[in-house]
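Analysis of the macromolecular model
Here are the chains, one letter per residue:
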Amino acid sequence: MKSAGLTPELRDNLRSSNRAISFLSGLSHVSQFDGWQKGKIHSLIAQASGGKSTYIRSIIYDLLKKNPGTLIFLWLSEVSVEDFMRELAQLPADVDYSSLYLHSEVESNDDMDSPDAMRILEEKVIQSGCEFFIFDNLTTSSIYGEQVLQQGKISTLLKRLVSITGAAFLLVAHTDSKVKQDSKNIIDMNDIRGSRKIVNLSEFFFILQNIQIGNTIKTTLRITKHRGKDVKQRLFYLPYDAETFSYPRDVPLEFDSFKEIKRAIVTRKDKTKRVEHWECFDLKGEYSERIETNLLKSRNK
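Quick look at the structure, then. (Residues numbered from 1 in each chain as written. Predicted model: local features only at pLDDT ≥ 70, side-chain atom pairs only at ≥ 80, totals over all residues. Heavy atoms only, no water.)

Time to look at the nonpolar core. In terms of nonpolar packing, the biggest core is built from 37 residues, with Trp36, Tyr55, Ile60 and Phe132 touching the most fellow members. When contributions to this core are tallied by element, the ones reaching two or more residues are strand 1 (41–46), helix 3 (52–66), strand 2 (72–76), helix 4 (81–88), strand 4 (132–136), strand 5 (168–174), strand 6 (204–213) and strand 7 (216–226). In terms of residue count, the dominant contributor to this core is helix 3 (7 residues). In contact with Ile60, not counting residues within four places along its chain, are Ile72, Leu74, Phe84, Tyr97, Leu100 and Ile134. Ile41, Leu161, Leu171 and Met189 belong to the second-largest nonpolar core, a separate cluster that totals 33 residues. (Core = buried A, V, L, I, M, F, W, Y, C linked by side-chain atoms within 4.5 Å. Buried < 20%, exposed > 50% of the residue type's maximum accessible area, 1.4 Å probe, protein only. Helix = DSSP H or I, 4+ residues; strand = E, 2+ residues; numbered from the N terminus. Contact = heavy atoms within 4.5 Å.)

The following block contains the structure:
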């Protein structure tokens, strides 16, 4: 038990720490809340094949580009180290990845189905001395298991590890199997697979969701939780770069709600002249009135 008494000095220190920038970022959705926060849990959910691994590679590149030498520990539950390295090699060669350390459950000699699995995880994270820990994918890890009680325990352990290490944590998770690929519904934080305890323990929460327009998939990112930080923009479009297998940048979207994106149509007085909003993004991912005008003209011919 600890007193919550606030001396003037303590109050100033706490206010300053809340504005501290732990890591610089070239991505606007991250930099607007002063970068990934040390001592905090950031969680990300998406459907299977929803862009999670692409996003992880992208933020690792951004982290090391803007913060060279940052010690990152990436825990992989689905792919081998070699497979991850092969995809990492597609990124620009202007970053030194020697401070990125990898552990793969599929290659490990440790029995991650054993009662000692949580202890093994704890020891490896603490011994790594990492400044940034990424768990990809929490919900497919053997440690997470199938039982809600076990899932709650691992969530509590990760929260404790954040406190012990002082590192920034990013936990990646799948949505529940009930969330279908072709669903027209908006993904919610509570759509996480298994226990919702990690939702409650996270200070920051992100949702990746793909929207299909014709034969094109558009990836969006929503910030649904940002405890203690003032976030001006909560919705972004992530243009995919096929050459680097990454999302090299993000584009803020000015919509009142995500539901409007799902329906986004630019409508003029003539109700038959409709252009889907996504079609009006140029090659840079920026909205273009010129593209909209040309599309309208071509459809009126």
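Still more ground to cover, so stick around.
It is worth spelling out helix 5 (residues 117–128) at this point. Taking 1.5 Å as the rise per residue, helix 5 with 12 residues should run 16 Å; its terminal C-alpha atoms sit 17 Å apart, in good agreement. Taken together, the buried positions of helix 5 are Ala117, Ile120, Leu121, Glu122 and Val125. Taken together, the buried residues of helix 5 touch strand 2, strand 4, helix 6 (148–165) and strand 5. Once helix 5 ends, the next one or two residues include Gly129, with phi positive near 65°. (Expected span 1.5 Å × (residues − 1).)

The next point concerns the pairing of strand 1. With 6 of 6 residues buried, strand 1 is to be regarded as a mostly interior element. Of the two faces of strand 1, both are covered, the one formed by Ile41, Ser43 and Ile45 as well as the one formed by His42, Leu44 and Ala46. By the bridge criterion, 6 bridges tie strand 1 to strand 5 in an arrangement that is parallel. Bridge pairing in strand 5 links His42 to Leu170. (Pairing = 2+ DSSP bridges.)

Now for helix 3. With 15 residues, helix 3 should reach 21 Å at 1.5 Å per residue; the first-to-last C-alpha distance of 21 Å fits that figure. The element helix 3 is largely enclosed, with a buried count of 12 among its 15 residues. Inspection of helix 3 places Lys52, Thr54, Tyr55, Ile56, Arg57, Ser58, Ile59, Ile60, Tyr61, Asp62, Leu63 and Leu64 among the buried residues, and these make up the whole buried set.

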